[in-house]
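# Inside the fold
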Amino acid sequence: MLVVAPQVDSRTNTQNRSPIYGVTIPDGYRQWQLIAPALEAEPLDELRAVLGNAAAVDAYRKGTLPFPDGSVLVKLAWKQKPSPEFEPATVPGAATTVQIMVKDSKKYAATGGWGFGRFIDGKPVDEAQHQTCFACHQARVKGHDFVFTRWAP
């Protein structure tokens, strides 16, 4: 499956670190393997796709939990819109966010071993939004190494 992602200039990644965690948008992420798509209902009303680097994909395939250090997940999100060519279909509209999870059990020990980054138009969102990341993951998916996405068959 080909995933078309929002354009991000990877040359500026090091200048655009997320607050709190220092996470950047990884170079080459658009060539990573699809883990799973998702449909987010209102109020977000988004189409999403989660991609993983080789370490994350290997962990998913083997059913390894916790994910090993070095695993990186990238969630791409777009507003939903009806297809102009095929009325029953919903297709990606405007890009909304690129969200990143980076596994480093030592660096991010206080947040379950994960660092988070949320980006709009290649720029990190504010610190207040990043402060909500781990709390949401901890409340809902603590038993799955704080990761929402499951491998799509």
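Residues numbered from 1 in each chain as written. Predicted model: local features only at pLDDT ≥ 70, side-chain atom pairs only at ≥ 80, totals over all residues. Heavy atoms only, no water.

## Quick word on the packing of aromatic side chains
Under the defined criterion, the tally for this structure stands at six aromatic pairs. Here Phe134 and Phe146 contribute two aromatic rings whose centre-to-centre distance is 5.1 Å and whose plane-to-plane angle is 55 degrees, an arrangement assigned as tilted. Taken together, the positions of Phe134 in helix H3 (residues 133–141) and Phe146 in the segment after H3 put the pair twelve residues apart, joining distant regions of the chain. What makes Phe146 buried here is its relative accessible area of 10%. In this structure an aromatic cluster arises from ring pairing among Tyr60, Phe67, Trp114 and Trp151. (Phe/Tyr/Trp six-rings, centres within 6.5 Å; stacked < 30°, edge-to-face > 60°. Helix = DSSP H or I, 4+ residues; strand = E, 2+ residues; numbered from the N terminus. Buried < 20%, exposed > 50% of the residue type's maximum accessible area, 1.4 Å probe, protein only.)

## Things to note about the environment of Pro68
By the secondary structure assignment, Pro68 is in the loop between helix H1 (54–62) and strand E3 (72–82). Along the backbone, Pro68 and Ala56 are twelve residues apart, and their C-alpha atoms lie at a distance of 7.6 Å. Excluding residues that lie within four positions of it along the chain, Pro68 makes contacts with Ala55, Ala59 and Lys103. (Contact = heavy atoms within 4.5 Å.)

## Things to note about H3
Of all the residues in H3, the buried ones are Cys133, Phe134, His137 and Val141. The buried residues of H3 all sit within an arc of 85 degrees when viewed along its axis, so they share a single face. Residues of H3 that are buried make contact with strand E4 (90–103), strand E5 (114–120) and helix H2 (127–130). (Arc of directions from axis to C-beta.)

## Details of the pattern of salt bridges
Counting across every chain of the model gives four salt bridges. Residues Lys103 and Asp145 are paired through a salt bridge, measuring 2.8 Å at the closest nitrogen-oxygen approach. Taken together, the residues Lys103 in strand E4 and Asp145 in the segment after H3 connect sequence positions 42 residues apart. By relative accessible area, Asp145 is classed as buried at 9%. Linked through salt bridges whose partners overlap, the residues forming this network are Glu40, Glu46 and Arg48. (Salt bridge = Lys/Arg side-chain N within 4 Å of Asp/Glu carboxyl O.)

None of this, on its own, says anything about what the molecule does.
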